[in-house]
Amino acid sequence: MKKITTVLCVATLIQSIGAQSFIQAYKNRADMVTQTNITNNLQEFASYGVKTTGSQANVNAMNWIKNKYLSYGYTASQIEESPFTFGSTSSKNLIITKTGTLYPNKYVIICGHFDTINGPGVNDNGSGTSIILEAARILKDVPTEYSIKFIHFSGEEQGLRGSSHYVNNVVYQGGVRKLDIKLVFNLDQVGGVKGNNNNTVYCDEDQGGLSSNNAASAAVTQQLRNCTALYSPLQTAVDPAADTDYIPFEQKGEVITGFFERIRSTYPHTSKDTFVNMDPVYVYNIGKATVGALQHFATASTSTSKAASKNSLEGVKIYPNPANNVLNIELPDTKETNFSFEITNLTGRSMLKVNNERKINVSSLQNGVYVGILKVGDQTLVKNIMIER
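In what follows, the accompanying structure is described. In this text, all values refer to a predicted model and were calculated from it rather than measured experimentally. (Residues numbered from 1 in each chain as written. Predicted model: local features only at pLDDT ≥ 70, side-chain atom pairs only at ≥ 80, totals over all residues. Heavy atoms only, no water.)

Let us now look at the overall build of the chain. Regarding its fold elements, the chain presents eight helices and 17 strands. Residue burial in the chain is summarised as follows: out of 389 residues, 53% are buried. In the chain, once contacts between residues fewer than 6 apart in sequence are set aside, the share between residues at least 24 apart is 78%. Of the accessible surface of the chain, which amounts to about 16100 Å², a share of 49% is contributed by carbon and sulfur atoms. (Helix = DSSP H or I, 4+ residues; strand = E, 2+ residues; numbered from the N terminus. Buried < 20%, exposed > 50% of the residue type's maximum accessible area, 1.4 Å probe, protein only. Contact = heavy atoms within 4.5 Å. Areas by Shrake-Rupley, 256 points an atom, 1.4 Å probe, with all protein chains shown as cover.)

On to empty space enclosed by the protein. Throughout the structure, instances matching the rule amount to one cavity of 30 Å³ or more. Approximately 30 Å³ is the volume found for the largest cavity. Lining the largest cavity we find Thr116, Ile117, Gly119, Pro120, Gly121, Asp124, Glu157, His269, Thr270 and Asp273. (1 Å grid on protein atoms, 1.4 Å probe; cavity = no way out; pocket = protein on both sides within 12 Å on 5 of 7 lines; lining within 4 Å. Points joined across faces, edges and corners; volume = space filled by probe spheres on them.)

Ordered by their spatial adjacency, three strands build an open sheet running 11-12-15, and the pairing between neighbours is antiparallel. What marks the edges here is a single partner per strand, and that holds for strand 11 (317-319) and strand 15 (359-361). Here the average twist between neighbouring strands, direction ignored, is 20°. Sheet topology places strand 11 next to strand 12 (residues 326-330); three bridges connect them, and they run antiparallel. When the bridges of strand 12 are listed, Tyr319 appears paired with Asn328. (Pairing = 2+ DSSP bridges. Axes fitted to C-alpha atoms, helices over the stretch in contact; angles between N-to-C directions.)

Have a look at this one:
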């Protein structure tokens, strides 16, 4: 769990646009996150009790996580138990590797800790654990250009012991860098507080430590904010990176970012860090943002279930763009006569929806960037739409 840090400004809609474009395949996969899976993961995590590093409960929780990966279809050769010790305490990190298609030796790391202290730790950090599991399930058979390592660290609550061991003994050996890392994406305490309006998530940015990696972290943190706006209903704010498992990476010059809850719970590190005191819907929404962002960071395939050669919407024209008061839709020759067109904002909220209209009145929309979704039969076309007057 991170220490309390200074809050920076909340993201505006314009700040969330950035360089990323909406990708329908990414959205489809983000929408594969289910509330049922998130809830079940959280409750099962809670059932293992206080998972203090070195305890049998900690071992049992790690085995539960490992069995989840096996049930998703990951093979034993992809799963590594990495032991470490500090003082008289022994524990293990769990590392699962999904090999990339173009850059198999360059890694996007998504990580979070599974150890707890003084309580079941459903927020800190069953929430991050549950999301990483759901992301791994969804992306198991999705080709990504970069390799992904899903890492579950132990020893975080005793001073980042597991992540420090991993960085200093696996990423670096004898002072020599052995693992080429594109970025580290950490999830810690993203469970929210029951009863609060949990509609904003912190995106962690490196603003301290080594100065040489700050600019790169700022860039990927902005990308994380963009993806959150594109693939979830959440708003974002920037939080300075602090004491959690990406810090040992940062100290070696790696690029880091991460998620952390915006409204800070007081229950972590107590017996009250339970399922009933956190917000599983918030975890679900952060899960959607995570799957969208992880695809972006690892450059996932954009292929959908329909072959591109069968796409009858390639000749569609939506104009003018930017639009003022009227938006025109010009369809290519198609047997389908029925279609729908919806305009959403960048958080996914529907602003306008029509059926079979080729001239659409958009005068009610404020200036800004929106997402247009055209559906003709079983084909879908997604396009950014700008309203400008």
